[in-house]
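# What the coordinates show
Letter by letter, the chains look like this.
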Amino acid sequence: MRAYELTKEQIKDYDRKYNLHSWSANGNLDPLVITKAEGIYFWDADGKRYFDMSSQLVNSNIGHGNKKVIEAIKAQAERLAYIAPSYAVDVRSELARRIVEIAPDNMGKVFFTLGGADANENAVKMARMYTGRYKVFSRYRSYHGSTMGAGNITGEPRRFACEPGLVGYVKFFDPYLYRSGIDFSSEEEASRYYVDKLREQIIYEDPSSIAAIVLETVTGSNGVIIPPKGYLEGVRKICDEFGIMMICDEVMVGWGRTGEYFAINNWNVKPDMITFAKGITCGYAPLGKTGGNPL
Ligand SMILES: Cc1ncc(COP(=O)(O)O)c(C=O)c1O
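Only a predicted model underlies this, so the values are computations on that prediction, with no experimental measurement involved.

### Side note on the domain arrangement of the chain
Often, the extent of an interface is quoted as the loss of accessible area upon association of its parts. As far as domains go, the chain holds domain 1 (8-65) and domain 2 (88-292). The C-alpha-based centres of domain 1 and domain 2 are spaced at 30 Å. Listed by partner, the interface residues are 11 residues for domain 1 and 12 residues for domain 2. Between domain 1 and domain 2, roughly 970 Å² of surface is buried when both sides are summed, and carbon and sulfur atoms account for 56% of that area. Of all residues in domain 1, Trp23, Val58 and Asn61 give up the largest surface area on contact with domain 2, accounting jointly for 57% of the area buried on that side. Inspection of the domain 1/domain 2 interface yields 0 salt bridges. Inspection of the region where domain 1 meets domain 2 yields 6 residue pairs in polar contact (both at pLDDT 80 or more). A class-by-class count of the residues in the side of domain 1 that touches domain 2 yields 4 nonpolar, 7 polar and no charged.

### Remarks on the pairing of strand β8 (residues 245-249)
Burial runs high along β8: 5 of the 5 residues are buried. Along β8, one buried face is formed by Met245, Ile247 and Asp249 and the opposite face, lined by Met246 and Cys248, is buried too. With 5 bridges joining them, strand β7 (residues 210-216) and β8 adopt parallel strand pairing. Residue pairing for β8: Ile213 is matched across the bridge by Met246. With helix α8 (residues 231-242) bridging β7 and its parallel neighbour β8, the resulting β-α-β unit is right-handed. Alignment of β8 against strand β9 (residues 273-276), held across 3 bridges, turns out to be parallel. In the strand pairing of β9, Asp249 is matched with Thr275.

### Description of the pairing of β9
Because side chains alternate across β9, one face comprises the buried residues Met273 and Thr275, and the other comprises Ile274 and Phe276, equally buried. Both β9 and strand β10 (residues 288-292) contribute to a ladder of 4 bridges, which runs antiparallel. Directly across from Phe276, in β10, lies its bridge partner Lys289.

### Some points on the layout of surface pockets
In this structure, the largest pocket encloses a volume near 1,800 Å³. Lining the largest pocket are 40 residues; nearest its centre among them are Val91, Arg92, Leu95, Thr281 and Leu287. Of all the elements in the fold, those that place two or more residues in the lining of the largest pocket are α3 (67-79), α4 (90-102) and β4 (109-113). Ranked by the residues each element gives to the lining of the largest pocket, the list is headed by α4, at 7 residues. Here the residues of the lining of the largest pocket are counted per class, giving 29 nonpolar, 7 polar and 4 charged. Volume-wise, the second largest pocket comes out at about 950 Å³. In this structure, the second largest pocket is lined by 36 residues; those nearest its centre are Trp23, Leu57, Asn59, Tyr143 and Lys278. Secondary structure elements with two or more residues in the lining of the second largest pocket: β1 (34-38), α2 (55-58) and α5 (116-131). A per-element tally of the lining of the second largest pocket places α5 first, with 4 residues. Here the lining of the second largest pocket is built from residues that sort into 17 nonpolar, 13 polar and 6 charged. A domain-level breakdown of the lining of the second largest pocket finds at least three residues from each of domain 1 (8-65) and domain 2 (88-292).

### Looking at the site of the ligand
The environment of the ligand is formed by Gly115, Gly116, Ala117, Asn120, Tyr143, His144, Gly145, Glu216, Asp249, Val251, Met252 and Lys278. Contact between the ligand and Gly116: an oxygen atom at 2.8 Å from a main-chain N or O atom of the residue. At 2.8 Å from an oxygen atom of the ligand is found a main-chain nitrogen or oxygen belonging to Ala117. Isolated, the ligand exposes 390 Å² of accessible area, and the fraction of that covered by the protein chains is 79%. In this structure the site holding the ligand corresponds to the second largest pocket. Here the element with the most residues in the shell around the ligand is α5; it accounts for 3 residues. Of the residues in the shell around the ligand, the class split is 4 nonpolar, 5 polar and 3 charged.

What counts and what doesn't
- Residues numbered from 1 in each chain as written.
- Predicted model: local features only at pLDDT ≥ 70, side-chain atom pairs only at ≥ 80, totals over all residues.
- Heavy atoms only, no water.
- Domains from an automatic or database assignment.
- Contact = heavy atoms within 4.5 Å.
- Buried area = accessible area lost by both parts, 1.4 Å probe.
- Salt bridge = Lys/Arg side-chain N within 4 Å of Asp/Glu carboxyl O.
- Polar contact = N/O pair within 3.5 Å; in protein donor to acceptor, adjacent residues only side chain to side chain.
- Nonpolar A, V, L, I, M, F, W, Y, C, P; charged D, E, K, R; others polar.
- Buried < 20%, exposed > 50% of the residue type's maximum accessible area, 1.4 Å probe, protein only.
- Helix = DSSP H or I, 4+ residues; strand = E, 2+ residues; numbered from the N terminus.
- Pairing = 2+ DSSP bridges.
- Right-handed = clockwise from strand over helix to strand, strands pointing away.
- 1 Å grid on protein atoms, 1.4 Å probe; cavity = no way out; pocket = protein on both sides within 12 Å on 5 of 7 lines; lining within 4 Å.
- Points joined across faces, edges and corners; volume = space filled by probe spheres on them.
- Near = heavy atom within 4 Å.
- Areas by Shrake-Rupley, 256 points an atom, 1.4 Å probe, with all protein chains shown as cover.
- Sits in = over half its atoms within 2 Å of the grid points.

Now the structure itself:
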């Protein structure tokens, strides 16, 4: 039973009057009115059915209306909907234990957040506290969230709304071979080129001031850029050489998107921290996470 009934026209009218939509010039928006979703489909107010080919924001990994998840949410809401962070509760203890069990074996603890940007904000704060350094390296073709800190880690134009930027947030180029303009003879050669450039940039920025390198394990919304062979290993080596923390943002590619629970498990590389959100709850509830080695 619904507490209110709105017509299609009212939904659209109230939306245009009272809602702000993200990442859109709101003036001329004409959003489709959606009324239900199930499995891989969703329906508009005229009953037209759509395939959800993008899993919404690449997050509905198990599809819409999953009964098992809905029943579990209802049961938990009845038993205990909220408890302050200082207490220990079964669901948080058990979920953290299970995550650490399937994460790379250097991962120690889990810090739960409400989403991906929030997870990245916390990862950077932790890296700064742990290393006592302040600079943060991240790549141009990247999206890490839209809050002030995550927006400054982000390299693509969605960061412009957060500028003038935070002090010490430095950008470097991704190994995007398709648009590199350089005719590399192999993936390994390309990796060597980009890793050497990164190392040079780090030296010019003073390695002893750099807390973290943040990168999407596989770049998502900026082109699905799969790292060439040897690239992630090369970044790991630089981090080890200079005591910099390697933070892999798996908000989009975590939770099965690449065939592994964590995309980094496709390589023999262990980051110091992994952040994720999206697929962990598939949009049924807000949740993100920062997990790490030194935590
Ligand atoms: C790689 C990556 N990091 C971070 C985020 C931000 O996550 P959230 O929207 O949950 O804050 C996104 C969202 O699309 C993302 O794709």
